[in-house]
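Each chain, letter by letter, is given below.
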Amino acid sequence: MKKPSSSKIFQELVKETSYKDKDYTKLISLTNMTFFLGAGFSKSWDLKYPNGQELFSLDREDMSDDFTDFLLSIGYSDLKSIGFNEFKEIAYQISMQKKYPSLRRRYIDEYNLQIIENEISSIITKRFNKLIPLNYIENASKKLELEKSPNQNQKNIVSFFSWLESHTTGDTDQIPEGLRINFITTNYDFLIESILDETLGSDDTHLIYAYRGFTPKSTNKAKTPTTIHRHWLVQNLIKLNGGFEIFGSDEKGFNVDYTNKTARELNRNAPILILPNREQDYTGKYFQTIFPKAVRTLQETKILVIVGYSIPDEDALIRLLLRQFAEENVDGTEKVIFFIDLMNEEEQIRKLESVFPYHKMARRRYNIIPFKGTFNDWINEIMALNSNV
């Protein structure tokens, strides 16, 4: 008997966990589905979205005077360009000097380290906008907007998430039930939020429903829409590496601001970005705040969909985070992982077994469903199945 395809299994799971076409007098158990998104997800929307190699390889014109002064102080003399590996070494030196004061150079202290870190985040924000401009919220709008003339792949991505949204809740008594969609991402950009805003229609915004793992002091320079989320309405949207819209507050805490900033504003207060590093530095307040929320989201997740993230060996802490989806062998027996990637299915299984090693011992009892192809390929298959129903 032919094994059903990844897309068919996914479509059936959505139907099974949805509140639609069910007896409305009976409670439909809440099923959490979490999308774990890497750079490949953004590239599925537009190839101009950069990966790490593209974003963190700096040209001379990207570098500010303060940054070049710092590079000269730590021994870099050829400043025509900085490659990705060099960038990771520079970030590593900064993080080690922050962590171990005795390693600081003669004229380095915690305050100019803060200035340099802010400067680098400003540089990366400007470089990203040079590669593909961010879709900032305009003053007259409260929503993130996508391309005015989307191509067919982009239309299909929006249609896919609109279809999922249509299955998410049908309650009338404020009890959470049916399917709930959450997002954990390593990306800095606004793409997933923009897609969510598009699926919600013209009068609604993800800002009301998305819990970021922290409650911002302000949102787009105004009062945050909600301080305490209601469980029957909320979804998690957690950015592991920070984002171009997340800023430190003058008081303790963070602000979310999707409006455009001038170069002067960025130089004064750049967004919170966790930068790639030889020894990834997750000691900052932002990550310490959102990490427990990401853990709980994964622990409560029944269906995990990994898109555009290749589970690299060097991402030790992120791999440990993914492990929380099914910490022990018993945890994985009633859960499902979909892995969408260009690597072949055998390599996908090997990657996942390096995170969930007990899968090797009882492979048939675990629901790991690989798909070799792009995210566009996968959702196109799903939408084609839906059109034939």
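About the criteria used
- Residues numbered from 1 in each chain as written.
- Predicted model: local features only at pLDDT ≥ 70, side-chain atom pairs only at ≥ 80, totals over all residues.
- Heavy atoms only, no water.
- Helix = DSSP H or I, 4+ residues; strand = E, 2+ residues; numbered from the N terminus.
- Rg over C-alpha atoms; globule rule 2.2 N^0.38 Å.
- Contact = heavy atoms within 4.5 Å.
- Lys, Arg positive; Asp, Glu negative; His and termini not counted.
- Charge placed at Lys NZ, Arg CZ, Asp CG, Glu CD.
- 1 Å grid on protein atoms, 1.4 Å probe; cavity = no way out; pocket = protein on both sides within 12 Å on 5 of 7 lines; lining within 4 Å.
- Points joined across faces, edges and corners; volume = space filled by probe spheres on them.
- Nonpolar A, V, L, I, M, F, W, Y, C, P; charged D, E, K, R; others polar.
- Salt bridge = Lys/Arg side-chain N within 4 Å of Asp/Glu carboxyl O.
- Buried < 20%, exposed > 50% of the residue type's maximum accessible area, 1.4 Å probe, protein only.
- Axes fitted to C-alpha atoms, helices over the stretch in contact; angles between N-to-C directions.
- Left-handed = near helix turned anticlockwise from the far one by under 90°.
- Parallel < 35°, antiparallel > 145°, perpendicular 65-115°, else oblique.
- Core = buried A, V, L, I, M, F, W, Y, C linked by side-chain atoms within 4.5 Å.
- Pairing = 2+ DSSP bridges.

*Asks:* How would you sum up the overall build of the chain? Please name residues and give values.
*Replies:* Assigned secondary structure in the chain consists of 14 helices and 11 strands. Since a compact globule built from 389 residues should have a radius of gyration of about 21 Å, the 22 Å found for the chain is in line with a globular shape. Overall, the C-alpha framework of the chain stretches about 70 × 50 × 35 Å when taken along its three principal axes. Across the chain, the fraction of contacts at a sequence separation of at least 24, relative to all contacts at a separation of at least 6, is 76%. Seen as two clouds, the 50 positive and the 54 negative side-chain charges of the chain have centres 2 Å apart.

*Asks:* Report on empty space enclosed by the protein, specifying residues and quantitative values.
*Replies:* The final tally for this structure, using the stated rule, is four cavities of 30 Å³ or more. Here the largest cavity defines a volume of roughly 140 Å³. Within the residue set of the lining of the largest cavity, elements represented by two or more residues are α9 (206-209) and β5 (210-211). When grouped by side-chain class, the residues that make up the lining of the largest cavity number seven nonpolar, six polar and one charged.

*Asks:* Quick rundown of the pattern of salt bridges? Include the residues and the values.
*Replies:* In this structure the tally under the stated criterion is 17 salt bridges. Residue R127 pairs with D59 through a salt bridge whose shortest N-O separation is 3.8 Å. You can see R127 sitting in helix α6 (residues 110-131) and its partner D59 sitting in strand β2 (residues 58-59), a full 68 residues away along the chain. Look at R127 and you get buried, because its relative accessible area is 8%. Classification of D59 as partly exposed rests on a relative accessible area of 36%. Note that R278 and E89 form a salt bridge whose closest N and O atoms lie 2.7 Å from each other. Within this pair, whereas R278 is found in the loop between α10 (263-268) and α11 (285-299), its partner E89 is found in helix α5 (residues 84-99), the two being separated by 189 residues in sequence. In this structure R278 comes out as exposed when scored by relative accessible area, which is 56%. One network of salt bridges, in which partners are shared, links D59, E61, D62, R127 and K130.

*Asks:* Any chance you could break down the packing of helix α7 (residues 152-165) against helix α8 (residues 191-200) for me, citing the residues and the numbers?
*Replies:* Helix-helix packing is described using two parameters, namely the angle between the two axes and the distance between the axes. Orientation of α7 relative to α8, taken along the N-to-C sense of each, is 65°, at an axis distance of 9 Å. Considering only the axes of α7 and α8, their crossing is right-handed. Between α7 and α8, the contacting residues are I157, V158, F161, S162 and E165 on the first element and I192, I195, E198, T199 and L200 on the second.

*Asks:* Account for the packing of helix α1 (residues 6-17) against helix α14 (residues 375-387), naming residues and giving values.
*Replies:* At their nearest, the axes of α1 and α14 sit 9 Å apart, and the two run at 60° to each other. Between α1 and α14, the crossing angle belongs to the class labelled oblique. At the point where α1 passes α14, the crossing takes the right-handed sense. In this structure, α1 uses S6, S7, K8, F10 and Q11 to contact α14, whose residues at the interface are W378, E381, I382, L385 and N386. Looking at the contact of α1 with α14, its residues break down into four nonpolar, four polar and two charged.

*Asks:* How would you explain the nonpolar core if you had to name every residue and give the values?
*Replies:* F10, F35, I124, F160, F161 and W378 are the most contacted members of the largest nonpolar core, which has 106 residues in total. F160 has contacts with F10, F35, F375, W378, I379, I382 and M383, leaving out every residue within four places of it along the chain.

*Asks:* Tell me what's going on with the sheet that holds strand β11 (residues 367-372), and back it up with residues and numbers.
*Replies:* Strand order in the open sheet formed by seven strands is β5-β6-β4-β1-β9-β10-β11, with parallel pairing between adjacent strands. For this open sheet the edge positions go to β5 and β11, each flanked by a neighbour on one side alone. Pairing of strand β10 (residues 336-341) with β11 involves six bridges; the strand directions are parallel. Opposite D341, over in β11, you have K372 as the bridge partner. Each of β1 (31-37), β4 (179-185), β9 (301-307), β10 and β11 touches α1; the most contacted strand, β10, lies at about 140° to it. Sitting on the sheet, α8 touches β1, β4 and β6 (235-239), and the angle it makes with β6 is about 155°.

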